[in-house]
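Inside the fold
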Amino acid sequence: MTTPNADQTQPEPEQKNDGPVIVFDKVSIGFDRGPVLKDISFSLDHGQTLILLGPAGTGKSVLMKLANGLLRPDSGSITLFGQRIDTMPEKDLFKLRSRIGMVFQESALFDSLSVEDNVAYRFNEDGMAPEEAHKKVEEVLKFVALPEAIEKFPSELSGGMRRRVSIARAIITGPELLLYDSPTGGLDPITSTTIIELVVKQRDVEHTTSLLITHRLQDAFTLATHCWNEKDSKMEPLPDGKVDETTRFLVLNEGAVVFQGDTHELVHTDDPWLKEYLA
Amino acid sequence: MAFSLESFTKERLGALQEYSLLSARAVTNMFSGPRYWSDIFSQMDSIGVGSLPIVILTGFFTGCVLALQSETALQEFGAVSRTGSLVSLSMVKELGPVLTALMVSGRNASGMASELGSMKVTEQIDAMRALGTDPTRKLVTPRLIATVFMLFFLTIISDAVGIAGGALVSVTLLNLNATMYLHTTYASLAYGNIVEGLTKALFSGFTIATVGCFFGMNTEGGTQGVGRATTQAVVVSSVMIIILDFLISRAMIAFFGT
């Protein structure tokens, strides 16, 4: 399928930026209980998928919220689409966030709204005609293989279905950047695979720049070693044991970056901690 | 001990600052778009129409009991005919606005805190921000407008049914003349009394909405946190209503002299 809303007007031409989509430069943040992230630096280029790995509680979700301006760093700078967001007023951030789609760890669907209203949330906010929004919601729900759920409420859906609705809500506007916060967290292996399939489909069909958190190594390697076959409409392994060139890894431990690089570098690392983590 | 006192003070001052900022943002949002009219109307329905039964019941029986109690006291001075005056002044200046505000606080400050609190702990507030919507504009401002607007009219209704309740008791139980009751009621009410009562309603409405939303938006710690936020919202808004009642009464006495 093509982008549900390939004809959307965004991004505005003057905001086009040819440099990296996200740049973190020596970013640190702490809360009452102490520092969470220390001197984090990395960048994410157009069309790349960066997989964020690391044990629980290392600040992966915090990093993702920093990337979206939902949290502000204590020090360092964060650049998004070429604009500094760590000092940007919240009012301007709202505009910038319309170019980003985010899938939350627990889906974070609005439970007082139906699936249709959840998915069409941005369109309704922008005052799009209901018929047009409905058509786009139908398209995107078909993309996430959940067309029958359109009239349901989040409380009537299973965990996997909620996650798919959450993905639909994030991709419906055709964002330039997608943030997935543990999209497979708490799901059974079969449902996890269907979610990863969706991520691969979005990556290979729309080539959206993505940042994805996972604690399941298996999912991370599936992403790196599989591609989307548009003809057969299914995910399949890359031939001859190849890996996806656009997929890169960032591994965090105790609030610091311990590895960043591609799949090949990750599996051939010499770092003893990383070896043990990957084992 | 000194350290804990310091951190306690810091925490409270921080909360006061957050509350002031939230209230200021909620008010300034009214003067710029986008405005969420459908949210405003649905909140008006839930806060105003939803609170109508308890406000009518409370107002009516307060008026009844006021007439009943005042009769014994007034009889000592041979002033039973002034029952209507006492009921109407007490209702319009004091009991109507305060009791209505306390009822709405118990019903809606808790409702706002628990609703927004649940949204906060399930990351729905963050999701809203991530989708490019200002949660203060979408969630707090409509509740503020709806509460201030509806509490104003709920107070008028409460005053009216309170006076009617007083009339019913005076005529049926105290054998007073209905015309006399209504005449003294009308004659004793001055412009300043009505302004005083309705000013209290406006301030109480502001307090209920901002306190309820503040505790909701700052909820932390899962479902237990939602429960805590709800309790705190009702306690703080109720206490603030009583304190504001005193302050406004004092200011009005200085202004109108009654």
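Reading guide: rules and limits
Residues numbered from 1 in each chain as written. Chains lettered and ligands numbered in written order. Predicted model: local features only at pLDDT ≥ 70, side-chain atom pairs only at ≥ 80, totals over all residues. Helix = DSSP H or I, 4+ residues; strand = E, 2+ residues; numbered from the N terminus. Buried ≥ 20, exposed ≤ 12 C-beta atoms within 10 Å, placed from the backbone. Contact = placed C-beta atoms within 7 Å. Expected span 1.5 Å × (residues − 1). Bend = angle between axes of the 7 residues up to and from the residue. Pairing = 2+ DSSP bridges. Axes fitted to C-alpha atoms, helices over the stretch in contact; angles between N-to-C directions. Parallel < 35°, antiparallel > 145°, perpendicular 65-115°, else oblique. Left-handed = near helix turned anticlockwise from the far one by under 90°. Nonpolar A, V, L, I, M, F, W, Y, C, P; charged D, E, K, R; others polar. pLDDT = per-residue confidence, 0-100.

1. A short note on the overall build of chain B
- Summing up its helical and strand segments, chain B has eight helices and zero strands in all.
- A principal-axis box enclosing the C-alpha atoms of chain B has dimensions of 65 × 50 × 35 Å.
- Out of the 258 residues belonging to chain B, those deemed buried represent 46%.
- At a minimum sequence separation of 6, the contacts of chain B that also span at least 24 residues come to 88%.

2. Things to note about helix α2 (residues 37-76) of chain B
- For α2(B), with 40 residues, the first-to-last C-alpha span of 55 Å sits near the 58 Å given by 1.5 Å per residue.
- Leu52(B) marks the point of greatest bend in α2(B), at about 50 degrees, and the proline Pro53(B) comes within the next four residues.

3. Here's the deal with the pairing of strand β6 (residues 100-103) of chain A
All names here are of chain A.
- Here β6 shows two buried faces, one formed by Ile-100 and Met-102 and the other by Gly-101 and Val-103.
- Bridge count between β6 and strand β7 (residues 177-180): four bridges; the pairing is parallel. Following the sheet pairing, Val-103 is matched in β7 by Tyr-180.

4. Comments concerning the packing of α2(B) against helix α5 (residues 135-172) of chain B
Residue and element names in this part refer to chain B.
- Taken N-terminus to C-terminus, the directions of α2 and α5 make an angle of 25 degrees; their axes are 6 Å apart at the nearest point. By the angle between their directions, the pair α2 and α5 is classed as roughly parallel. For the element pair α2 and α5, the recorded crossing hand is right-handed.
- Broken down by class, the residue content of the contact of α2 with α5 amounts to 24 nonpolar, 13 polar and three charged.

5. Considerations on the confidence of the model for chain B
- Mean pLDDT over chain B works out to 92, with 98% of the residues at or above the 70 mark.
- Model confidence for the complex is summarised by a pTM of 0.87, with the ipTM given as 0.85.

6. Section: the environment of Ser114(B)
All names here are of chain B.
- If you trace the backbone, Ser-114 turns up in helix α3 (residues 83-121).
- Between the C-alpha atoms of Ser-114 and Thr-231, which are 117 residues apart in sequence, the distance is 9.2 Å.
- Contact partners of Ser-114, with chain neighbours within four places excluded, come to Val-226 and Thr-230.

7. Side note on the packing of α5(B) against helix α7 (residues 191-217) of chain B
Residues and elements named next belong to chain B.
- Interhelical geometry of α5 versus α7 gives an angle of 145 degrees and a closest axis separation of 8 Å. Crossing hand, α5 versus α7: right-handed. Along the contact surface, α5 presents Leu-139, Val-140, Arg-143, Leu-144, Thr-147, Val-148, Leu-151, Phe-152, Thr-155 and Asp-159, while α7 presents Gly-197, Leu-198, Ala-201, Leu-202, Ser-204, Gly-205, Phe-206, Ile-208, Ala-209, Thr-210 and Cys-213.

8. Let's talk about the interface of chain B and chain A
- Every contact between the two is made by 11 residues of chain B and, on the other side, 14 residues of chain A.
- Along the lines of polarity and charge, the residues of the side of chain B that touches chain A split into three nonpolar, four polar and four charged.

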